[in-house]
Amino acid sequence: RAQPAAVTVYDLRGRAVRHLFEGRVNPGPNSMTWNGQDDRGRHLATGVYLARVQVAQEQQIVKMTLVK
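Cut-off values and rules
- Residues numbered from 1 in each chain as written.
- Predicted model: local features only at pLDDT ≥ 70, side-chain atom pairs only at ≥ 80, totals over all residues.
- Heavy atoms only, no water.
- Helix = DSSP H or I, 4+ residues; strand = E, 2+ residues; numbered from the N terminus.
- Buried < 20%, exposed > 50% of the residue type's maximum accessible area, 1.4 Å probe, protein only.
- Contact = heavy atoms within 4.5 Å.
- Areas by Shrake-Rupley, 256 points an atom, 1.4 Å probe, with all protein chains shown as cover.
- Lys, Arg positive; Asp, Glu negative; His and termini not counted.
- Charge placed at Lys NZ, Arg CZ, Asp CG, Glu CD.
- 1 Å grid on protein atoms, 1.4 Å probe; cavity = no way out; pocket = protein on both sides within 12 Å on 5 of 7 lines; lining within 4 Å.
- Points joined across faces, edges and corners; volume = space filled by probe spheres on them.
- Nonpolar A, V, L, I, M, F, W, Y, C, P; charged D, E, K, R; others polar.
- Phe/Tyr/Trp six-rings, centres within 6.5 Å; stacked < 30°, edge-to-face > 60°.

**Student:** Explanation requested: the overall build of the protein chain in the structure shown.
**Tutor:** On a plain count of helices and strands, the protein chain comes out with 0 helices and 4 strands. Secondary structure of the protein chain in N-to-C order comes out as β-β-β-β. C-alpha extents for the protein chain along the principal axes are approximately 40 × 20 × 20 Å. Taken across its 68 residues, the protein chain has 26% of its residues classed as buried. The long-range fraction of contacts in the protein chain, counting pairs at least 24 apart against all pairs at least 6 apart in sequence, stands at 33%. If you sum the accessible surface of the protein chain, you get close to 5,200 Å²; carbon and sulfur atoms cover 49% of it. The averaged location of the 5 negative side-chain charges in the protein chain is 3 Å from the averaged location of its 10 positive side-chain charges.

Structure, rendered in structure tokens:
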């Protein structure tokens, strides 16, 4: 059954730059796309970012590289 989930993108200084998703997800593979913008719609710089993916009580940190 669906579980609560959240995905937040952080810069390497640990600042949350984009709250990408908050809601419920069904079990199984899921995917989403980040357009490289922050919460205010500004384009972020090329570089390394971290995404914290939280589903129910579990979380995982994913390293991403934004390339323009």
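**Student:** Would you mind showing me how to read the layout of surface pockets here?
**Tutor:** One simple way to see leftover space: roll a probe sized like a water molecule over the atoms. Taken as a whole, the largest pocket holds about 310 Å³ of empty space. Going through the elements one at a time, strand 1 (3-10), strand 2 (16-25), strand 3 (47-55) and strand 4 (58-66) are the ones with two or more residues in the lining of the largest pocket. In the lining of the largest pocket, the residues fall into 13 nonpolar, 3 polar and no charged.

**Student:** Explanation requested: the packing of aromatic side chains in the structure shown.
**Tutor:** What describes a pair of aromatic rings is the distance from one ring centre to the other and the angle between the planes of the rings. Under the defined criterion, the tally for this structure stands at 1 aromatic pair. Centroid distance Trp34 to Tyr49: 5.4 Å. Interplanar angle 75°. Geometry classified as edge-to-face. One end of the pair, Trp34, is in the loop between strand 2 and strand 3; the other, Tyr49, is in strand 3, with 15 residues separating them in the sequence. Across this residue pair, the class does not change: Trp34 and Tyr49 are buried.

**Student:** Got a minute to help me understand the environment of Gly41 in this structure?
**Tutor:** Take Gly41: it is sitting in the loop between strand 2 and strand 3. Linking Gly41 and Ile61, residues 20 residues apart in sequence, is a C-alpha distance of 23 Å.

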